[in-house]
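Now for the letters of each chain:
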Amino acid sequence: MQKGSFSLLGLCFLYFSLVAGTQAECPLQLNPQRAVVRYGDSVEVTCNTSVLHQGMGWEASEGAVPKNTNQNLITWRVSELTEWDIKPYCYINCKTGDKDQCLVELPVTVYKTPDRVSISTVAHRGPMMEGKQYKLQCDVHNVAPVQNLTVKWYKGQTLLNQTTFTDTSETPVNETVTLLIRPDRADDGAQYWCEAELDLGADGPQPPPTNSSNPLNVEVHYKPLHSSSTEIIIKDDEATLDCTVKANPAPTYTWHSDHLEEKISSLVLKSSTLSPGNYTCTATNALGRDSKVFIVKSTGISIGFEKHRGPMIVGKQYELLCFIQNVYPSKIVAVRWHKLSQNNSKNLTVKWYKEQTLLNQTTYSDTSETPVNETATLLISPNKTDDGAQYWCEAELEAGGPQRYTKMSSEHLNITVHYKPIINVTKLPSTVPVFRGYPEVLVCEAEGNPKPTISWRLGTNKTERSEKLNITESTPEDLYCTANNSVGEDTRHVKVVLKEDYLPLIAGLIAVIVAFISVIFIFIYSIYYKTAKMGHYSLKDAKPSAQNGNIAQNGKHNPIPMKKLSQSNILA
C-alpha cells in the first residue's frame, strides 16, 4: 500500500474516532437539507464533504449518482420527479471495499395541489329557511400529501371553521368535509366558500399554495318582523304611516282599523283626514305574518314607556312618560285665558293614576303666552298584583278667568307583568309516604306569568313534563319538581318514604283465627247433635205384635218383633 493511502485511511480513522464517542454523524452536508417538490417538477440537491474518502455517491430510484472518488461535491438531480415515495441518500466510503460506509437520507416531500375544490349543499336545493339547519359539503379532488392539507370554511371574509387530516398517505387522495349552518335573515345573500391549503413548512412554497371553490350564494327566506309592535303618531296636518318591513319573499301589506270602511292594500297610509285611533298594518308572505299598530293621536296628551315595550318583570324599575302637546285645549281658549289673567301666570299640574288611585303629581309654572309642550315622568316597580293594571295621566291647567281649571286625560295604558313561578307547597308536601302496592299521585302546581312549565326530575337522567306524577314503591327516594318560565324557576324537593302495609297481613290472620274457631265450633256442635238430638233403637226382648210388619229373611216369612226404646233405655 502506498504512503498516500495510509495517510487517507489515517485521516478517515481519525475523523470517525473523534465523532464516535459523541454522535454517529456522517461527514456529509446536504443543501438543502429537505426537498419539497411539486409533482412533475425538477429537483436538485448537492452533497459535499470536507474529508478525504474512497468514494461518495447518491443512491436513488431516480437520479442516482455513481460512486465518485475524485470529488467532494456531487449533485442529485431529477428533471421531472414523478415518484411519490422516493427516498434518496448520499453516502461516503472511507475504506476500500465499502465496508466503512455512512450515509445521509434526504427527506423528500412530493406534493400536488388539488385539481378542483367545489362546494355544494347536501340533500337540498333552492332557498333556505330561516332557523333551519343545513349541511354544506366541500370536495377536494386529487391532493397530496393529505397530512399537510387544511380545509377552511368562509362566509364572506369571515373564517368559520377549519379541518386538518391525520392520514399519512403520500399519494393523491380525494377528501370531503362538511359544515352545518343555521342561517338567519342576515345571511340572505351571503356567500359561503371553502379553501384547500397545503402547508408544507418552511422549506415549502411561501405563502402556502391554496385552491378555493366558487362561492355558494345563499338565499334565505324569512317572515316579516317589525322592529317594534307599536308606534305613536301625533297628528298635525297630515299623518304618514309607513309599514315598511324586510322579508323574503317580499311581503304584501294590508291596513285595517275601526276608522276604515274596508281593508287597504298599501305600504304607506298617508292622509290628512285620518281620525285619531289605532291603525293596524299586517305584512304577510309565504312564511308568516307580522302586525304593527300605529296609534294616531291628536294634539293633547299621550302616555308611554321610556325605552321599553312588551311585558314588565317583577322587581325591575320602569319609567312612564306623559306627553302634553299644546298645553291649551285650543288657541281660542288660550287667548281668552291670556286676556283674563292678571299676572299672565299659568300652572300646569300632571297627575298620575293607577286605576282610580292617585300615585303622584307634578306642577309646572310658565309665563309663556303661547302653547307649550311638557313631558312628565313616573318611576314604577310593578309587582305581580299589577298584572293587567291600567295607568293613565291627567293634565290640569289653572289660569285666571271664569274657566279657571281645564282637565285633559290620556288613554289608559294596560300593563302586563311577568313574574317567576312559585310552587304551591300546601299541595305538595316535602315528605310523602307510599305503601307497597298502593300507587300515589303527586300534584305540582305553580303560579307564574307566563304560565310555567312543570317538570319532574327522577334520579339523575330521567325527567317527566307534567303537573301530576304517579309514584310507586319503585319510585326514586328523591324527587324534584321544577316550575320554569322566561323569568325564572322554582324547585321543590320531595322525599318519598316507603311504608309497609300490614293491614292485609292482619286481616289474613284474623280470617285464619275465625276459620279455626268455626271449625272447632262445628266439631263440638256435631258431637252434641249426634248424642243429644238423634234417637237410638234396640232389638233386645222384642215381641211380635199384630200391628208390626213382618220382615222376610232368607225367603222365609219370619216375623221379628220390634220394640221402640225409650229415652231412659238410651241413656242406660
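Please refer to the structure higher up on the page.
Residues numbered from 1 in each chain as written. Predicted model: local features only at pLDDT ≥ 70, side-chain atom pairs only at ≥ 80, totals over all residues. Heavy atoms only, no water.

Focus on the overall build of the chain
Then comes step 1: Counting its secondary structure elements, the chain contains four helices and 45 strands.
Then comes step 2: Residue burial in the chain is summarised as follows: out of 572 residues, 34% are buried.
Then comes step 3: Excluding contacts between residues fewer than 6 apart, the proportion of contacts in the chain whose partners are at least 24 apart in sequence is 62%.
Then comes step 4: On the chain, roughly 34,700 Å² of surface is accessible, and the fraction owed to carbon and sulfur atoms is 51%. (Helix = DSSP H or I, 4+ residues; strand = E, 2+ residues; numbered from the N terminus. Buried < 20%, exposed > 50% of the residue type's maximum accessible area, 1.4 Å probe, protein only. Contact = heavy atoms within 4.5 Å. Areas by Shrake-Rupley, 256 points an atom, 1.4 Å probe, with all protein chains shown as cover.)

Structural notes on the sheet that holds strand E25 (residues 288-297)
Then comes step 1: Here we have four strands laid out as an open sheet, ordered E20-E25-E24-E22, and mixed in their pairing. Edge positions in the open sheet fall to strand E20 (230-234) and strand E22 (252-256), since each of these has one partner strand only. This sheet shows a mean twist of 25° between the axes of neighbouring strands, independent of strand direction.
Then comes step 2: For E20 and E25, the ladder comprises five bridges, and the chain directions are parallel. (Pairing = 2+ DSSP bridges. Axes fitted to C-alpha atoms, helices over the stretch in contact; angles between N-to-C directions.)

Some points on the pattern of salt bridges
Note that side chains of opposite charge can pair when their charged atoms are close.
Then comes step 1: Following the criterion strictly, the structure yields 14 salt bridges and no others.
Then comes step 2: The residue aspartate 41 makes a salt bridge to arginine 38 at a minimum N-O spacing of 3.9 Å.
Then comes step 3: Note on aspartate 41: relative accessible area 34%, which makes it partly exposed.
Then comes step 4: Two residues, glutamate 445 and lysine 427, come together in a salt bridge whose shortest N-O distance is 3.0 Å. Here glutamate 445 is found in the loop between strand E37 (440-443) and strand E38 (446-449), whereas its partner lysine 427 is found in the loop between strand E35 (417-423) and strand E36 (431-435), with 18 residues between them in sequence.
Then comes step 5: Lysine 427 gets classed as partly exposed once you look at its relative accessible area, which sits at 45%.
Then comes step 6: Each member of the salt-bridge network shares a partner with another, and the members are Glu477, Asp478 and Lys495. (Salt bridge = Lys/Arg side-chain N within 4 Å of Asp/Glu carboxyl O.)

Observations regarding the packing of aromatic side chains
Then comes step 1: All told, the structure shown has six aromatic pairs when counted by the stated rule.
Then comes step 2: Residues tryptophan 58 and tryptophan 76 carry aromatic rings whose centres are separated by 6.1 Å and whose planes lie at 35° to one another, so their mutual orientation is tilted. Of this pair, tryptophan 58 sits in strand E4 (residues 55-59) while tryptophan 76 sits in strand E6 (residues 73-78), placing them 18 residues apart in sequence. A single burial state applies to tryptophan 58 and to tryptophan 76, both of which are buried. (Phe/Tyr/Trp six-rings, centres within 6.5 Å; stacked < 30°, edge-to-face > 60°.)

Observations regarding the state of the cysteines
Linking two cysteines covalently via their sulfur atoms produces the bond known as a disulfide.
Then comes step 1: Counted according to the given criterion, the structure contains six disulfides.
Then comes step 2: Disulfide pairing is shown between cysteine 47 and cysteine 90; the S-S distance is 2.0 Å. Across the disulfide from cysteine 47 to cysteine 90, rotation about the S-S bond amounts to roughly -80°, and the bridge is consequently left-handed. Of this pair, cysteine 47 sits in strand E3 (residues 43-48) while cysteine 90 sits in strand E7 (residues 89-93); the two residues are 43 residues apart in sequence, bridging distant segments of the chain.
Then comes step 3: A relative accessible area of 0% means that cysteine 47 is categorised as buried.
Then comes step 4: Look at cysteine 90 and you get buried, because its relative accessible area is 0%.
Then comes step 5: A sulfur-sulfur distance of 1.9 Å marks the disulfide that ties cysteine 243 to cysteine 281. Where cysteine 243 bonds to cysteine 281 through sulfur, the torsion about that S-S bond is close to -95°, and the disulfide is left-handed. Of the two residues, cysteine 243 is situated in the loop between strand E21 (239-242) and E22 and cysteine 281 in strand E24 (residues 277-285); the sequence distance between them amounts to 38 residues.
Then comes step 6: In the chain, numbering the disulfide-bonded cysteines from first to last in sequence yields the connectivity 1-4, 2-3, 5-6, 7-8, 9-10, 11-12. (Disulfide = S-S within 2.5 Å.)

Overview of the layout of surface pockets
Then comes step 1: What the largest pocket holds in volume is close to 600 Å³.
Then comes step 2: Lining of the largest pocket is provided by 21 residues; of these, Thr230, Ile232, Ile295, Gly304 and Leu413 occupy positions nearest its centre.
Then comes step 3: In terms of residue count, strand E26 (residues 301-305) provides more of the lining of the largest pocket than any other element does, three residues in total.
Then comes step 4: Tallied by class, residues from the lining of the largest pocket come to nine nonpolar, nine polar and three charged. (1 Å grid on protein atoms, 1.4 Å probe; cavity = no way out; pocket = protein on both sides within 12 Å on 5 of 7 lines; lining within 4 Å. Points joined across faces, edges and corners; volume = space filled by probe spheres on them. Nonpolar A, V, L, I, M, F, W, Y, C, P; charged D, E, K, R; others polar.)

Quick word on the side chain of histidine 221
Then comes step 1: Considering the arrangement of structural elements, one finds histidine 221 in strand E19 (residues 220-221).
Then comes step 2: One polar contact links histidine 221 to glutamate 219, side chain to side chain, over a distance of 3.2 Å.
Then comes step 3: In contact with histidine 221, other than residues within four places in its own chain, are Pro127, Met128, Met129, Glu130, Asn248, Pro249 and Leu287. (Polar contact = N/O pair within 3.5 Å; in protein donor to acceptor, adjacent residues only side chain to side chain.)

Some details on the sheet that holds strand E15 (residues 173-181)
Then comes step 1: As summarised here, the arrangement of the three strands in space is E10-E12-E15, forming an open sheet in which the pairing is antiparallel. At either margin of the open sheet sits one strand with a lone partner, and together these are strand E10 (116-121) and E15. With direction set aside, neighbouring strand axes in the sheet form an average angle of 15°.
Then comes step 2: In this structure, E10 lies alongside strand E12 (residues 134-143), joined through six bridges in antiparallel fashion. Residue pairing in the sheet places serine 120 in a bridge with glutamine 137 of E12.

Focus on the pairing of E4
Then comes step 1: Among the five residues that make up E4, four are buried, leaving the element largely enclosed by the rest of the structure.
Then comes step 2: Sheet analysis places E4 next to E7, joined by five bridges and oriented antiparallel. When the bridges of E7 are listed, glutamate 59 appears paired with tyrosine 89.
Then comes step 3: Bridge count for E4 against strand E5 (residues 65-68) is two bridges, and the pairing is antiparallel.

Some points on the environment of asparagine 414
Then comes step 1: Position of asparagine 414 among the secondary structure elements: in strand E34 (residues 413-414).
Then comes step 2: Apart from the residues within four sequence positions on either side, asparagine 414 is in contact with Gly388, Ala389 and Gln390.

Observations regarding the nonpolar core
Then comes step 1: Judged by nonpolar contacts, the single largest core of 29 residues is most densely connected at Val140, Leu149 and Trp153.
Then comes step 2: Every element with two or more residues in this core is listed here: E10, E12, strand E13 (149-155), E15 and strand E16 (191-198).
Then comes step 3: Counting 26 residues, the second largest nonpolar core, distinct from the first, contains Val45, Trp58, Ile74 and Val110. (Core = buried A, V, L, I, M, F, W, Y, C linked by side-chain atoms within 4.5 Å.)

Thoughts on the side chain of glutamate 175
Then comes step 1: As for its placement among the helices and strands, glutamate 175 is situated in strand E15.
Then comes step 2: Of the side chains bearing the opposite charge, lysine 112 lies closest to the buried glutamate 175, which forms no salt bridge; the N-O distance is 14 Å.
Then comes step 3: Dropping the residues within four chain positions of it, glutamate 175 is found in contact with Cys138, Asp139, Val140, Val146, Leu149 and Phe165. (Lys, Arg positive; Asp, Glu negative; His and termini not counted.)

Quick word on the environment of threonine 416
Then comes step 1: Its location among the elements puts threonine 416 in the loop between E34 and E35.
Then comes step 2: Expressed as a C-alpha distance, the spacing of threonine 416 and methionine 312, which sit 104 residues apart in the sequence, is 6.1 Å.
Then comes step 3: Ignoring any residue separated from it by four or fewer positions in sequence, one finds threonine 416 in contact with Pro311, Met312, Asp387 and Asn449.

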